[in-house]
Amino acid sequence: SVLQTLPGPVTNPSELPKWNYDGSSTNQAPGDDSEVILYPRAIFKDPFRKGNNILVICDSYTPAGEPIPTNKRAKAAEIFSNPDVEAEEPWFGIEQEYTLLTMSKWPLGWPENGYPGPQGPYYCGNGADKAFGRDIVDAHYKACLYAGINISGINGEVMPGQWEFQVGPSVGISAGDEVWAARYILEVINYLFVISFFLVILVNDGDWNGAGAHTNYSTKSMRGDGGIDVINAAIEKLEARHTEHIAAYGEGNERRLTGNHETASINQFTWGVANRGASVRIGRDTEKQGKGYFEDRRPASNMDPYVVTSMIAETTILPAA
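Definitions and limits used
Residues numbered from 1 in each chain as written. Predicted model: local features only at pLDDT ≥ 70, side-chain atom pairs only at ≥ 80, totals over all residues. Heavy atoms only, no water. UniProt positions renumbered as here; feature names shortened; annotations may be inferred. Helix = DSSP H or I, 4+ residues; strand = E, 2+ residues; numbered from the N terminus. Pairing = 2+ DSSP bridges. Axes fitted to C-alpha atoms, helices over the stretch in contact; angles between N-to-C directions. Core = buried A, V, L, I, M, F, W, Y, C linked by side-chain atoms within 4.5 Å. Buried < 20%, exposed > 50% of the residue type's maximum accessible area, 1.4 Å probe, protein only. Contact = heavy atoms within 4.5 Å. Salt bridge = Lys/Arg side-chain N within 4 Å of Asp/Glu carboxyl O.

### Examining the UniProt feature "domain: GS beta-grasp" (unreviewed entry) in the chain
UniProt records the feature "domain: GS beta-grasp" (unreviewed entry) for residues 1–65 in the present numbering. When the span residues 1–65 is considered, its composition is 0% helix and 35% strand, and the gap between its end C-alpha atoms is 21 Å.

### A look at the sheet that holds strand E3 (residues 54–61)
Spatially, three strands are ordered E1-E2-E3 in an open sheet, and the strand pairing comes out antiparallel. Two strands close off the open sheet at either side, each with one partner strand: strand E1 (19–22) and E3. Going from strand to strand, the sheet's axes swing by 45° on average, the running direction of each strand aside. As defined by bridge partners, strand E2 (residues 35–45) adjoins E3 across eight bridges and the pair is classed as antiparallel. Bridging from a neighbouring strand, Ala-42 pairs with Ile-57 of E3.

### Here we look at the nonpolar core
One finds Phe-44, Tyr-98, Ile-149, Tyr-217 and Phe-294 to be the most contacted residues of the largest nonpolar core, which totals 53 residues. For Tyr-98, the residues in contact, after removing those within four places along its chain, are Val-137, Gly-161, Gln-162, Trp-163, Glu-164, Phe-165, Leu-186, Ile-195, Ser-196 and Phe-197.

### Digging into helix H1 (residues 73–80)
Every buried residue of H1 is accounted for by Arg-73, Ala-74, Ala-76, Ile-79 and Phe-80. Here the buried face of H1 lies against E2, E3, helix H2 (83–88), strand E4 (91–101), helix H4 (173–189) and helix H9 (305–317).

### Digging into the pattern of salt bridges
Overall, the coordinates contain 13 salt bridges when judged by the stated rule. Its salt-bridge partner being Arg-41, residue Asp-59 comes within 2.9 Å of it at the nearest N-O pair. One end of the pair, Asp-59, is in strand E3; the other, Arg-41, is in strand E2, with 18 residues separating them in the sequence. On the accessibility criterion, Asp-59 (4% relative accessible area) is buried. Taking the relative accessible area as the measure of exposure, Arg-41 reaches 31% and is therefore partly exposed. Residues Glu-314 and Arg-241 are paired through a salt bridge, measuring 4.0 Å at the closest nitrogen-oxygen approach. Of this pair, Glu-314 sits in helix H9 while Arg-241 is found in the loop between helix H6 (227–240) and helix H7 (242–248), placing the two residues 73 residues apart along the sequence. With a relative accessible area of 21%, Arg-241 lands in the partly exposed category. Look at the salt bridges and you will find they share partners, linking Arg-241, Glu-244 and Glu-314 into a network.

Right, here's the structure in full:
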């Protein structure tokens, strides 16, 4: 992150100037042409400095105005600005799991060089022996609410030291902006521990759930009468592109999607009603009402929300290439 002083209050990204940074120091540009240009895209209230201060989400371009390879927002914005996608008003609810680690990179609440009791009492748990790091988690929740992020909840996760926050429902590109802003706030507010978005902790040393970013999704047609038929058709489209989606859903996901610990196998696309061991889950309420949303359970905790959300919208709304 970088800081900049402005002459007065700003309420819209279009009022902000473009800026640049040294891309050669981040392996994003060569030393002899090192400037990478920041384009302001979304504004949030600053929960740390308060007042008229703001947090700004930017994406990065070459001086010629081309998105640099690591700029995943540009492609997402192109998909979400497609008239057919805009007409469907895609909603996303993203469940961001993460793990709090000590400075020695050991999960918070675990005995030093040892292991806690088995999974069971930690999920949505309370108490000093079950919910480790709640002060950090609560402070993050409050900071996100202040910032104007559409954070909709938090909970302790299945593995001790593991937590989740939910962002959404958010429309289109704003889902990615809000998840990235919430991740940033979590990193800044947490000065005591290490935040890990790694998928699986100690995968070979115990029976522990991995960390994902389950992505709940609906369109205007899915939310309307007869939406279940649209949902079923969308799931068929996702199945047809399973391999392509998996490749874009986070690094190291094969260690998490094993068919165990409430996951489906990475090698097979499955779906079911209320089935948390499937690639895609339809909720009981959606089945009962015949409309609503579904959950793509494949994305990893380290996924790029711009990539995942835009890819789901592209696959389910736009014609196949």
